[in-house]
Amino acid sequence: MYFLPLFIGLPLFGAFVLSLIKPRRVGDVLANLINLSLLVISFLLLRFGTLVYKIGGWEPVNGIPIGIYWVKDGLSTLMLIIVNLVALMATIFSVNYMERFTEKNRYYCLFLLMLAGMNGVILSGDMFNLFVFLEIASIASYSLVAFGTGAEELEAAFKYQIMGTIASSFILFGIALLYSYTGTLNMADMARVLATKGTAPVVFVGALFIMGFGMKAAIMPFHAWLPDAHPSAPAPISAMLSGVLIKVLGIYALIRIIFNVFGITPVLSDILMVLGTISLMVGGLLAIGQRDFKRLLAYSSISQVGYIILGIGLGTPLGILGGLLHLLNHSVFKSLLFLNSGAVVYATGTRDMQKLGGLNGKMPVTGGSSFIASMSIAGVPPFSGFWSKLVIIIACLFANRFGFAIWAIVGSIITLAYYMKVQRDVFFGPLREDLRETKEVPGFMKFSMIILAVLCVSMGLLLIPQLRNILLTPAVEVLKNGIEYAGLISY
Amino acid sequence: MVYILPIILFLVGLFGVLVKRNLIKMIISVSIMDYALFLFFALIGYRGEGMPPIELKGAEHVKFVDPLPQALVLTAIVIGLATTALLVGIAVRIYQKYGTFDIEKIRKLRG
Amino acid sequence: MSEIVKTVSRIFAPLIIVFGIYVTLHGHLTPGGGFAGGLIIAGAVVLLVLAYGGEREKLEGEKKSTSRLESSGILLFWLVAVLGLVVGGIFFLNIMGKGLPFTIFSAGIIPVCNIAIAVEVGGAISTILLALVLFEKDEN
């Protein structure tokens, strides 16, 4: 119970201390220590059930909550573990990678602010509090995209920020409408009021939220900023943005509100599934034509997010299980792939795939881990991505949605195609003359890539019933129970 | 009926963001969208014949307007301030690199 | 800037700062509070920078100190929140005595928070302004 504030307090403390002091080593040690302890704490949370934390100790008056509540349930625990795991790997990677940039401590400051924002979004049980944390994470990510201050980074950051601000306006508009209808901001209480008073505003507010959070998650019609923004950031930040930020700010917030506050309806479910399928296909097709390594990965993120939305939008327990497992898998292998691309840029100085080739001999760790990640994301058995895609496809079949199942299989084949292209162009084949001097990257970078690669191989084990009951089943239960979430205010 | 006003303002801002080609005008349009939302928040907090929600000595049991939206607007203003400051900073830097505010000419990234 | 502007801003800046402090300290009693007070104080800084300008190095030094001020303001706020956790076991618990209503020493931690916010906002707005001024100097 006393752990929960640490998820916000520790990163914020680190961020502001690091903006005061200069030495680089202090930044490295402090940021890594904070992320390590947050990861340990989020694993400790597995031992608890649902917790409701009342900030400032404000108890409900006449059963109506006042003040801000934080809620930790199965879904939040799963998300916290993902976020803090990827964050730890990204900071370990940054120790070496960010040496080439000036102002390393400023970088850690923004990184930790972004982490605090994401942890806040996950824990918050209050609509407006969620919005505030969402903005903290977004604003930190805008400035991190611009961190290199080159012409392209700035252009991408401006585009990203304009889109992100419009998205935030839609979300805030939706929250204002919900508040005027229900008279409360607490999400559990809002679910109760909507259940008793009727769900009249849900159609319009739902459209606003799908637009707003959809832009944050880069679902297909709202994706235009992502292929510019994600490649422009430094590699560990690309890993964070693609790996967890779009999932926390977009998918998590959207499904939390749609499932737990509104209650899933067939119409909403269909909208989510159609949007998911469109992004899965179009993102995949656009990825094939790319020459830039990181840009290809960014388009691939759009496509894989489509899988997650498709699985969760199905609304059956099996579909939700597949969607959440794919979310977990995708954050691991996509952050690994972005770290690989960072390692390639670090060693060779280019990310144009036509200027690369045959790096496997020179960079065995990078090449090997990226091979594992590529096979995993393409859904080759026995790697992790295969199991989650399999569960999603089976869930589509069980729900008699054969069309969606076929699209998912086709999307998986396309994914395999463009990752084969990555492997062939960058890591296999003859070594190019101008790359003779290439060396493997330093130790910390290798360490985080190896850890993520091991996770990629072993993540399929989470489907074994004993392990599933610890991590995934509680998260699925939360979404399956839907607006029973309203019962939380009785705590 | 009065709720139409912030919605019109919101749409004006959205139109500006989508149509204008100048970076500074886009920033101004984003701010207009924000202000429309602040106005909307202030309006939904209104109660007929309500007083400003300030406790004064000797004047208990007065009918107040809803104080919560006002607190929310204040928070949203702070967020809007941060966003605008960052946008302006990036726009100035872009001007230094490209020598123009015209979004048509700022195209190093391929779609 | 002309001599008139310089003289007027020299006279008014201290008054503006005093007003900002007043608004901050009465934040829990009257409209206003840390954010408004901090903005007013930053307004005085803006006035002085616009009236007097300054060399690049001097402005950079000032930006460094306002940026430090901002971080320490936030750390103070963080400390207040964590003291609640350490003393009472709840984040942001109001651990100080509530005092008499409608007097300046009341409402527990809220005046302390207001002061922290005022320092933070004043520092932040001044930093933003100085950064934008310095950006402009980069061009020439």
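All figures in this text were calculated on a predicted structure; none of them were measured in a lab.

## Topic: the overall build of chain B
When you go through chain B residue by residue, the secondary structure sums to three helices and zero strands. From first element to last, N terminus to C terminus, chain B shows the α and β order α-α-α. In summary, chain B has a C-alpha radius of gyration of 19 Å against a globular reference of 13 Å for 111 residues, an excess of more than 25%. Taking the principal axes of its C-alpha atoms as reference, chain B extends roughly 65 × 30 × 20 Å. Sorting the 111 residues of chain B into buried and exposed places 37% on the buried side. The contacts of chain B with a sequence gap of at least 6 include a subset with a gap of at least 24, amounting to 48%. By element, 66% of the accessible surface of chain B is carried by carbon and sulfur atoms, the whole surface being about 6,400 Å². Distance between charge centres in chain B, computed from 12 positive and 7 negative side chains, equals 19 Å.

## Quick look at the UniProt feature "transmembrane region" (unreviewed entry) in chain C
With numbering matched to this structure, UniProt assigns "transmembrane region" (unreviewed entry) to residues 12-29, 35-53, 74-96 and 102-135 of chain C. Counted over residues 102-135 of chain C, helix gives 76% and strand 0%. Its end C-alpha atoms are 46 Å apart.

## Quick look at the UniProt feature "transmembrane region" (unreviewed entry) in chain B
Residues and elements named next belong to chain B. Listed under "transmembrane region" (unreviewed entry) in the UniProt record, and renumbered for this structure, are residues 6-23, 30-48 and 68-95. Within the segment residues 30-48, helix and strand shares are 79% and 0% respectively, and the terminal C-alpha atoms sit 31 Å apart. Secondary structure content for residues 68-95 is 100% helix and 0% strand, and the end C-alpha separation is 40 Å.

## Quick look at the interface of chain A and chain B
Counting residues at the interface gives 35 residues for chain A and 37 residues for chain B. Roughly 3,300 Å² of surface becomes buried between chain A and chain B when both sides are summed, with 78% attributable to carbon and sulfur atoms. The three residues of chain A that bury the most area against chain B are Glu155(A), Phe158(A) and Tyr179(A), which together make up 21% of that side's buried surface. Our count for the chain A to chain B interface comes out at zero salt bridges.

## A look at the interface of chain C and chain A
At the junction of the two partners, chain C supplies 11 residues and chain A supplies 15 residues. Interface area, chain C with chain A, both sides summed: about 1,200 Å², of which 77% is carbon and sulfur. On the chain C side of the interface with chain A, the three residues burying the most area are Leu75(C), Trp78(C) and Phe91(C), jointly 42% of the side's total. Remark: the boundary between chain C and chain A carries zero salt bridges. At the boundary of chain C with chain A, the tally comes to three residue pairs in polar contact (both at pLDDT 80 or more). Across the side of chain C that touches chain A, the residue classes tally to eight nonpolar, two polar and one charged.

## Regarding the pattern of salt bridges
Residues and elements named next belong to chain A. Evaluated as defined, the whole model comprises 19 salt bridges over all chains. Here arginine 24 and glutamate 99 are joined by a salt bridge, their closest N and O atoms 3.4 Å apart. In this pair, arginine 24 sits in helix H2 (residues 24-44) while glutamate 99 sits in the loop between helix H3 (74-97) and helix H4 (104-123), placing the two residues 75 residues apart along the sequence. Its relative accessible area of 28% is what places arginine 24 among the partly exposed residues. Relative accessible area serves as the criterion here: at 33%, glutamate 99 is assigned to the partly exposed category. For aspartate 28, the salt bridge is made with lysine 104, and the minimal N-O distance between the two is 2.9 Å.

## Regarding the packing of aromatic side chains
All names here are of chain A. Scanning all chains against the criterion turns up 29 aromatic pairs over all chains. Where phenylalanine 3 meets phenylalanine 48, the ring centres are 6.5 Å apart and the plane angle is 80°; that geometry is what we call edge-to-face. You can see phenylalanine 3 sitting in the segment before helix H1 (6-18) and its partner phenylalanine 48 sitting in the loop between H2 and strand E1 (51-54), a full 45 residues away along the chain. According to the relative accessible area criterion, phenylalanine 3 is partly exposed, its value standing at 28%.

## Quick word on the UniProt feature "domain: Na+/H+ antiporter MnhB subunit-related protein" (unreviewed entry) in chain C
The UniProt entry lists residues 4-126 of chain C under the feature "domain: Na+/H+ antiporter MnhB subunit-related protein" (unreviewed entry), expressed in the numbering used here. Taken end to end, residues 4-126 of chain C is 74% helix and 0% strand, and its two terminal C-alpha atoms sit 23 Å from one another.

## What to know about unusual backbone geometry
All names here are of chain A. Residue proline 382 is bonded to the preceding proline 381 through a cis peptide linkage, with omega at 5°. Take proline 382: it is sitting in the loop between helix H14 (364-378) and helix H15 (384-398). The residue glutamate 103 is not glycine, and still its phi comes out positive at about 55°. Counting through the fold element by element, glutamate 103 comes out in the loop between H3 and H4. Using a relative accessible area of 40% as the deciding quantity, one classes glutamate 103 as partly exposed. The backbone phi angle of threonine 149 is positive, close to 50°, even though this residue is not glycine.

## Points about the pairing of E1(A)
All names here are of chain A. Alternating positions in E1 separate into two faces, Leu51 and Tyr53 on one and Val52 and Lys54 on the other, with burial throughout. Direction of pairing for E1 relative to strand E2 (residues 69-72): antiparallel, over a ladder of four bridges. Pairing of tyrosine 53 across the sheet is with tryptophan 70, part of E2.

Rules used in this analysis
- Residues numbered from 1 in each chain as written.
- Chains lettered and ligands numbered in written order.
- Predicted model: local features only at pLDDT ≥ 70, side-chain atom pairs only at ≥ 80, totals over all residues.
- Heavy atoms only, no water.
- Helix = DSSP H or I, 4+ residues; strand = E, 2+ residues; numbered from the N terminus.
- Rg over C-alpha atoms; globule rule 2.2 N^0.38 Å.
- Buried < 20%, exposed > 50% of the residue type's maximum accessible area, 1.4 Å probe, protein only.
- Contact = heavy atoms within 4.5 Å.
- Areas by Shrake-Rupley, 256 points an atom, 1.4 Å probe, with all protein chains shown as cover.
- Lys, Arg positive; Asp, Glu negative; His and termini not counted.
- Charge placed at Lys NZ, Arg CZ, Asp CG, Glu CD.
- UniProt positions renumbered as here; feature names shortened; annotations may be inferred.
- Buried area = accessible area lost by both parts, 1.4 Å probe.
- Salt bridge = Lys/Arg side-chain N within 4 Å of Asp/Glu carboxyl O.
- Polar contact = N/O pair within 3.5 Å; in protein donor to acceptor, adjacent residues only side chain to side chain.
- Nonpolar A, V, L, I, M, F, W, Y, C, P; charged D, E, K, R; others polar.
- Phe/Tyr/Trp six-rings, centres within 6.5 Å; stacked < 30°, edge-to-face > 60°.
- Pairing = 2+ DSSP bridges.

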